Each structure stands twice: as structure tokens, then as C-alpha cells.
Amino acid sequence: MALKRGLSSVGVHRNRSYGSGFPIVILVLFSVLAPLVFFVGRGLYLSDQNSVQSGYTKQNVDWRERLALQSIKNLFTKEVIDVVTTSTADLGPLSLDSFRKGNLSASWKVVEDAAASQSKQKATDSKQEMSEIKEGRLLDDEHSYDTPAKTLRRQLRDSRRSKRAAELVQQDNAATLKLENAAIERSKAVDSAVLGRYNIWRREFENDNSDSTVRLMRDQIIMAQVYISIAKMKNKLDLQQELLIKLKESQRAVGEPTVDADLPHSAPEKIKTMGQVLSKAREQLYDCKLVTGKLRAMLQTSEEQVRSLKKQSTFLSQLAAKTIPNAIHCLSMRLTIEYYLLPIEKRKFPRSENLENPNLYHYALFSDNVLAASVVVNSTIMNSKDPSKHVFHLVTNKLNFGAMNMWFLLNHPGKATIHVENVDEFKWLNSSYCPVLRQLKTAPMKEYYFKADNPTKSASSNLKYRNPKYLSMLNHLRFYLPQVYPKLNKILFLDDDIVVQKDLTGLWSVDLHGKVNGAVETCGESFHRYDKYLNFSNPHISRNFDPNACGWAYGMNMFDLKEWKKRDITGIYHKWQNMNEDRTLWKLGTLPPGLITFYGLTHPVEKSWHVLGLGYNPSVDKKEIEHAAVIHYNGNMKPWLELAMTKYRSYWTKYIKYDHPYLRSCNLSE
């Protein structure tokens, strides 16, 4: 019983102890497991977050690496970057500064040498690779994985670039060729006779046409003259004498030469000695006011000499322009002798029945120059389509009548008709009918035209007013065309200083719209208008004419002789010529009375029919000359004179046969 109570007491005690420890166990388990679960769960969450963030980080790293790689490629060659990449695993991160400073290890230098050899090898293969790239067979490594569409677009871009580059090269070559051709043309236009052996690399003293030494000597002469005058004023007689001696020596040395090559060999020594004397004079005599005054006086004297020489030059040019060269005078005399030795029956021209046929093309030519008249006739015939329909009416004076006949008898213009008349045989052209002939007999007119010591005119202008052509009836005969050719309806008037370059028959079909004169107008913006030729201060002129009316040119004029007779053009000319007896309406020539007579009766024709200015204007457009039907050497520089402009003379000389026996005997040549 006791044992049972003991056991029961122990059991009770155990049950009590177990009941009191169970909560503790649960508490211990919870305190251990709860953090474990928390940390395990948080670990799983963090691992998921890390995996997500690692994806974004990797993308950012990849983008930064590409950007860094692109920047490095701009700094280093491909070989250097490859070495850096392969060496990082062994050496760790490399400093870029070490590469820039050249601190390379031995192994790096070996790699660098290998890279250099590879670059040389690539240079040898560059041509082949470029050709392969052009053909599209070789792609860059960075494009090796492109889609076909990208590859095609890249190839098209490369093709367009290549094509554009070829076009630019071709344009550049064409521009270069154009510049070279222009330079060649300019070089052809350069007168080598003037420039001599000029070369941009040649020193000036080696150029035959250099004038620096001549100019230096003349400057020394001027200063010597100044100091001689000052030395005389200051009574420095010894210095004055020394300067005079050196001045004469320099003047003899410089003489007439205009270029250094023509100076004597002693010129440099003369310059040296003159320079020494001038230095001495400067030390003793120089005074700014005196030197300035002397130079100003010398300048004024030089200007007066220049004006005098210009007047003399104008006088001589007028004289040369109005005289006949000896060779042409010789030709006229020889032909005249031959003509009067001919039997009378051999002095007639064939086809005289054509002279009054109104259905043919008639020309009026009034001249006393055999050679000039022959050029007009020859050029017209050579450029005509049907010479048999052309009729030439030549009128000359008594002195040249035989020569003009003989020339065209010897050199007949083929199938064309020609007739020569003597103006002195026109009996109706007398002083009672013609105002000009009557006025020439008056005392004032004789004094005006013939008295050389006219105090109111300078020598040059007096010669101009006394031009023989203004007194010749050959010049005024153009106002009497219906009287000279009464049975013709139209006639083309030509001056003897023109050249015909095209067929002129088209002028006969030009509608003059009821006007009398068909001519080319010559007015520009402000020149060659009526106020240039007429005296508008005279009330007779100002009341009847417009000062801005356009002028026109004589030289090639189509006249409607029916309208001429109907409007009494010759009577209008007589009226105004009588009013100008005292020369207050106009001064000279036949153009001013022509402008008055045909005022409102002139029809302008196309300018390409008649180009003027070859006798005074050096800048006439070459294209205009070549496209003109008639070119006119109006002015003083006639093509048969030595003072003619060389650039225009060939248009005239090509219609002359200089191998003709009469021309050779009179020394006429191009």
C-alpha cells in the first residue's frame, strides 16, 4: 500500500512537472522558428529582387561599355585596344595614361611590333579591299550580322556616295579644263612684241622691257634741274657747274631709250656719280619750300607742253586722215595714163541696158578712191547670191575718172553691171541750182574754209572745218539721187569706207511704211541724238525738231525714190541749206542737213544690217562685226591708212588682190 502511494505520488509529481514545462517548450520553439522563417522568407525575397536588379544593371553596364568602347576607339588604334583586352586577365586593370606616356613593358612592345607589322600588311592589301568594298563583297565586322534590308540600304548609300564623288570629280575636271582654255585664249591675245620675254619668275632687271633704270635716271635729271636752279639762286656756282656737267652726261646716256635694254653700258656708273652729286646738293641746298615750288613750276610747264603736243597730234591725225597715201595716188596715176591710151571703143562697159532696169538691184557709190571703191564692189559681188542682178552706179571726179574706169575695165566684176560717171559732167548741178556751190563762192565762206590764219579757230579745228570732203560735190550728191537716176524706183546708197559681208538683196523687200530713208539708228541713252548735231539755241531748230530725236547713220541707206519725188526731199534740203549760209544751224558735213531733211521720214532697219565704229572705236564687239551685213569704218582711222586699227583691217584687206601687177608696181601691200 505504501508502495502504491509512493508510486502514485511520483506519478502525480511527474504529471505536474510535465504540465508546467510544456508552455516553456512551445515558447522556445516559437522563438527559434519564427526568426528562422522570417530570415528564410526575406532571403528568398531578396534573391528575387537581386535577380531583377541584376538584369537592369547588366543592361546599364552593357550600354556604358559600348559608349566607353566607342570613345576609346577614337583615341587608340584597334591593335592597342586588343592588347588591352587580352592583357587585363593577367595584369589587372590597365591605366590609359600609361599607354599615352609610352610606359610600355617588354611584352607590350612585342605586341606593338606585331601590330605594326599587321598594319603594314593591311596597307599592301588596301587597294584589293577597297575594290571588294565597292563591289559589296566585303562587309565591316560591325555590319556582319545586319539584316538583308539594312545591308541593301547600306550598299545603296555607298553606291550613291561613290556616284556623287565621281560627279564632283568630273565637275572639278571640267572647271579646271575651262579655266585652262580661258587662260590659253588670254595668252593668245597678249601682244608678245610688247611684253617681250616676260616671266613671273624672272627678276626685273633681266626683262628686256623693264624701264626701272630709265625712270630712275629721268628722276635724277629732274632733281638735278631743281638743284641747279636753287644753286644759282644761292650763288653756289661750283656746285651748279658740277650739277650741269652730270646733268648733260645723264641726258646723253638716257637719250631716247624707253627700256633698260637700250641704255648704254655706262648707265649704272652715271647713276652712281649723279647720286653722289645729288646727295651733296641735298646737304647744301635742300629747302622744302624752294624744292616744292620748283617742282610745281616744272609740272605746269610739262602740262603746257602736253597740251601743245595734243593739239599738234590732233592736227596731224586730221591731216593724215584726209590725205591719200602715196601708193594709192601712184595707182590712180598709172591707171589714168593707161585709160587715156585706150581706144575709145574699148572704154565702154558691157550690159549698159541694165542701168535703167528698175527690176534689178541698184547701188549708188560716190568716191574718189579707186582702191576703196574696188573693195565695196568686190565684197558686194562675192557675197551676193546672183551677181547678174546687181548694178553699180559709180560717180567720181574728173581727176579720178580715168583711173576708176580703167580699174574696173581690167577687173570687171563678173556678171554684174557697172557704170562710172564724172560729177563735173552733170551740167544741171551748178551754183544757180545748188546752194552749196553758190555759198562756196562767197567771201565769208572762202575765208572760213580756206584761210589758214583764222584767229577764231585753233589749227586742229580749222583743219577739221576745212576738210576737203565738205567742199566736194561728191559728198553732197546724195541729196540729188532722183536727178542722177530719174528712172529708178529704189536705190541702195553705200559709202566707200564700208565692207559688205552678206547678200544685201533682202533690203529691197524691207517695208519702209511710206518713209523715204531706211537706215540704222545710232542713238543710245544720251548720245547720237539731234542735239549733238544741231544748234538748238537757234529758234528755227528748236521750233521744228525734237532735241531727243534719234539720229541715224549714212553709209548704207535704202532710198525710195518715188516717195522722194513725191515729198520733194531735194527742195527741203535746199531750203535748210539756204538758211544755214552763216553756219548758225550746223557746222559741218552732210549728216546734220540729212537729219533735218529726212526728219520724220526715216524708217529704222535692223542694226545687224549696218555696224559702225571701226574707224574710231577699238571696242566694237567681234560677234557684232562677224554677224553684220555691212561694216563701216567711219572715223579717221580708215583701213587704207597706216593709222588704221590693226584688229579691224583684215576685214577690208581680204577683198584686195595684192599680187595684182599695178598694186605691186606701186608698193601696195598688206
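Residues numbered from 1 in each chain as written. Predicted model: local features only at pLDDT ≥ 70, side-chain atom pairs only at ≥ 80, totals over all residues. Heavy atoms only, no water.

*Asks:* Just to check I follow, could you spell out the sheet that holds strand β6 (residues 517–519) for this structure?
*Replies:* Two pairing modes exist for strands in a sheet, parallel and antiparallel, and in both the strands are linked by backbone hydrogen bonds. Taken together, the 7 strands give an open sheet; going across it, the order is β3-β2-β1-β4-β7-β6-β8, and neighbouring strands pair in mixed fashion. Looking at the sheet topology across the chains shown, the edges are occupied by β3 (417–422) and β8 (602–604). Each adjacent strand pair in this sheet contributes to an overall mean axis angle of 25°, direction not counted. Packed on one face of the sheet, helix α13 (residues 370–382) meets β1 (361–366), β2 (390–396), β3 and β4 (490–494) and runs near 175° to β2. Along the sheet, helix α14 (residues 398–410) makes contact with β2 and β3, crossing β3 at roughly 165°. (Pairing = 2+ DSSP bridges. Helix = DSSP H or I, 4+ residues; strand = E, 2+ residues; numbered from the N terminus. Axes fitted to C-alpha atoms, helices over the stretch in contact; angles between N-to-C directions. Contact = heavy atoms within 4.5 Å.)

*Asks:* Quick question: what am I supposed to make of the sheet that holds strand β9 (residues 610–611) here?
*Replies:* Spatial ordering of the open sheet is given by β5-β10-β9, a layout of 3 strands whose pairing is mixed. Each having just a single partner strand, β5 (498–500) and β9 make up the two edges of the open sheet. Where β5 meets strand β10 (residues 630–632), 3 bridges bridge the pair, whose relative direction is antiparallel. Looking at β10, one finds that Val 499 is bridged to Ile 631.

*Asks:* Any chance you could explain the state of the cysteines here in plain terms?
*Replies:* Covalent bonding between the sulfur atoms of two cysteines is what defines a disulfide. Counting across every chain of the model gives 2 disulfides. Paired by a disulfide, Cys 523 and Cys 550 hold their sulfur atoms 1.8 Å apart. Its S-S torsion of about -100° marks the bond between Cys 523 and Cys 550 as left-handed, since a negative value means left-handed. Of this pair, Cys 523 sits in the loop between β6 and α20 (530–533) while Cys 550 sits in the loop between α21 (539–544) and β7 (556–560); the two residues are 27 residues apart in sequence, bridging distant segments of the chain. Taken in N- to C-terminal order, the disulfide-linked cysteines of the chain are connected 1-4, 2-3. (Disulfide = S-S within 2.5 Å.)

*Asks:* How do you make sense of the nonpolar core when you look at a structure like this?
*Replies:* Soluble globular proteins tend to pack their nonpolar side chains together in the buried interior. With 64 residues, the main nonpolar core has Leu 331, Leu 394, Leu 492, Leu 504 and Trp 652 as its most contacted residues. Looking at which element gives the most residues to this core, the answer is α13, with 8 residues. Ignoring sequence-local partners within four residues, the contact set of Leu 492 consists of His 362, Tyr 363, Ala 364, Leu 504, Leu 507, Trp 508, Met 556, Asn 557 and Met 558. Phe 366, Cys 434, Ala 519 and Ile 596 belong to the second-largest nonpolar core, a separate cluster that totals 44 residues. (Core = buried A, V, L, I, M, F, W, Y, C linked by side-chain atoms within 4.5 Å. Buried < 20%, exposed > 50% of the residue type's maximum accessible area, 1.4 Å probe, protein only.)

*Asks:* Sorry if this is basic, but what is going on with helix α8 (residues 212–233) here?
*Replies:* In an α-helix, one turn spans 3.6 residues, which is why side chains three or four residues apart end up on the same side. Compared with an ideal rise of 1.5 Å per residue, which puts 22 residues at 32 Å, α8 spans 32 Å between its outermost C-alpha atoms and is within 8% of the ideal. When we look at burial in α8, the residues that qualify are Val 214, Met 217, Gln 220, Ile 221, Ala 224, Val 226, Tyr 227, Ile 228, Ile 230 and Ala 231. Backbone geometry just downstream of α8 places Asn 235 in the positive-phi region, at approximately 60°. (Expected span 1.5 Å × (residues − 1).)

*Asks:* What is the right way to look at the packing of aromatic side chains in this model?
*Replies:* In this description, a pair of aromatic rings is defined by centroid distance and the angle of the planes. One pass over the full model with this rule turns up 23 aromatic pairs. Of the aromatic side chains, those joined through ring pairs into one cluster are Phe 366, Phe 493, Trp 552, Tyr 554, Phe 559, Trp 564 and Phe 598. Directly above the ring of Tyr 339 sits Arg 347, whose terminal nitrogen or CZ lies 4.9 Å from the centroid. Cation over ring: Arg 478 sits above Tyr 554, and NZ or CZ is 4.6 Å from the ring centre. (Phe/Tyr/Trp six-rings, centres within 6.5 Å; stacked < 30°, edge-to-face > 60°. Lys NZ or Arg CZ within 6 Å of the ring centre and 35° of its normal.)

*Asks:* What am I meant to see in a positive patch on the surface here?
*Replies:* Where like charges cluster on the molecular surface, the positive patch consists of Lys 150, Arg 153, Arg 157 and Arg 160. As for its placement among the helices and strands, Arg 157 is situated in helix α6 (residues 148–189). Residue Arg 157 is classed as partly exposed on the basis of its relative accessible area of 35%. (Patch = residues over 30% accessible without salt bridge, like charges linked within 9 Å, V, L, I, M, F, W, Y side chains within 5 Å. Areas by Shrake-Rupley, 256 points an atom, 1.4 Å probe, with all protein chains shown as cover. Salt bridge = Lys/Arg side-chain N within 4 Å of Asp/Glu carboxyl O. Lys, Arg positive; Asp, Glu negative; His and termini not counted. Charge placed at Lys NZ, Arg CZ, Asp CG, Glu CD.)

*Asks:* Can you walk me through the pairing of β4 in this structure?
*Replies:* Looking along a regular strand, one sees the side chains alternate between the two faces of the sheet. The element β4 is extensively covered by neighbouring structure, given that 4 of its 5 residues are classed as buried. Pairing of β4 with β7 involves 5 bridges; the strand directions are antiparallel. Along β7, the bridge assignment pairs Leu 494 with Met 556.

*Asks:* Can you help me understand the packing of helix α9 (residues 237–254) against helix α10 (residues 267–285) in this one?
*Replies:* In a packed pair of helices, the relevant descriptors are the angle between the two axes and the axis-to-axis distance. Interhelical geometry of α9 versus α10 gives an angle of 150° and a closest axis separation of 10 Å. Accordingly, the angle class assigned to the pair α9 and α10 is roughly antiparallel. Crossing of α9 over α10 shows left-handed handedness. For the pair formed by α9 and α10, the contact residues are Leu 239, Glu 242, Leu 243, Lys 246, Leu 247, Glu 249, Ser 250 and Ala 253 on the first element and Lys 270, Thr 273, Met 274, Val 277, Leu 278, Lys 280, Ala 281, Gln 284 and Leu 285 on the second. When the residues that make up the contact of α9 with α10 are grouped by side-chain class, the tally is 9 nonpolar, 3 polar and 5 charged. (Parallel < 35°, antiparallel > 145°, perpendicular 65-115°, else oblique. Left-handed = near helix turned anticlockwise from the far one by under 90°. Nonpolar A, V, L, I, M, F, W, Y, C, P; charged D, E, K, R; others polar.)

*Asks:* Is there a simple way to explain the pattern of salt bridges in this structure?
*Replies:* Side chains that differ in sign of charge can pair as their charged atoms come close. With the rule as written, the count across this model stands at 9 salt bridges. For Asp 158, the salt bridge goes to Arg 161, with nearest N and O atoms at 3.8 Å. Of this pair, Asp 158 and Arg 161 both sit in helix α6, 3 residues apart, which is roughly one turn of the helix. Arg 161 gets classed as exposed once you look at its relative accessible area, which sits at 56%. A salt bridge links Arg 478 to Asp 495, with the shortest nitrogen-to-oxygen separation between them at 3.7 Å. Taken together, the residues Arg 478 in the loop between α18 (473–476) and α19 (481–484) and Asp 495 in the loop between β4 and β5 connect sequence positions 17 residues apart. A network of salt bridges, in which partner residues are shared, links Lys 246, Glu 249 and Lys 270.

*Asks:* Where do I start with the packing of α13 against α14 in this structure?
*Replies:* Close contact between α13 and α14 brings their axes to 10 Å; oriented N to C, the two are set at 40°. The pairing of α13 with α14 is recorded here as oblique in orientation. Seen from above, α13 lies across α14 with right-handed handedness. Where α13 approaches α14, its residues Val 370, Ala 373, Ser 374 and Val 377 are matched on the opposing element by Ala 403, Met 404, Trp 407 and Phe 408. Considering only residue class, the contact of α13 with α14 consists of 7 nonpolar, 1 polar and no charged.

*Asks:* How should I be thinking about the confidence of the model for the chain in this particular structure?
*Replies:* If pLDDT is low for a region, its predicted coordinates should not be looked at in detail. For the chain, the mean per-residue pLDDT works out to 78, and 70% of the residues sit at or above 70. Note that pLDDT drops below 50 for residues 132–142; the model gives that stretch 7 contacts with residues more than four away or on any other chain. Counting interchain partners and residues more than four positions distant, the pLDDT-below-50 stretch residues 191–207 has 14 contacts. (pLDDT = per-residue confidence, 0-100.)

*Asks:* Looking at this structure, how should I read the pairing of β3?
*Replies:* With 6 bridges connecting them, β2 and β3 associate as parallel partners. When the bridges of β3 are listed, Val 395 appears paired with Glu 421.

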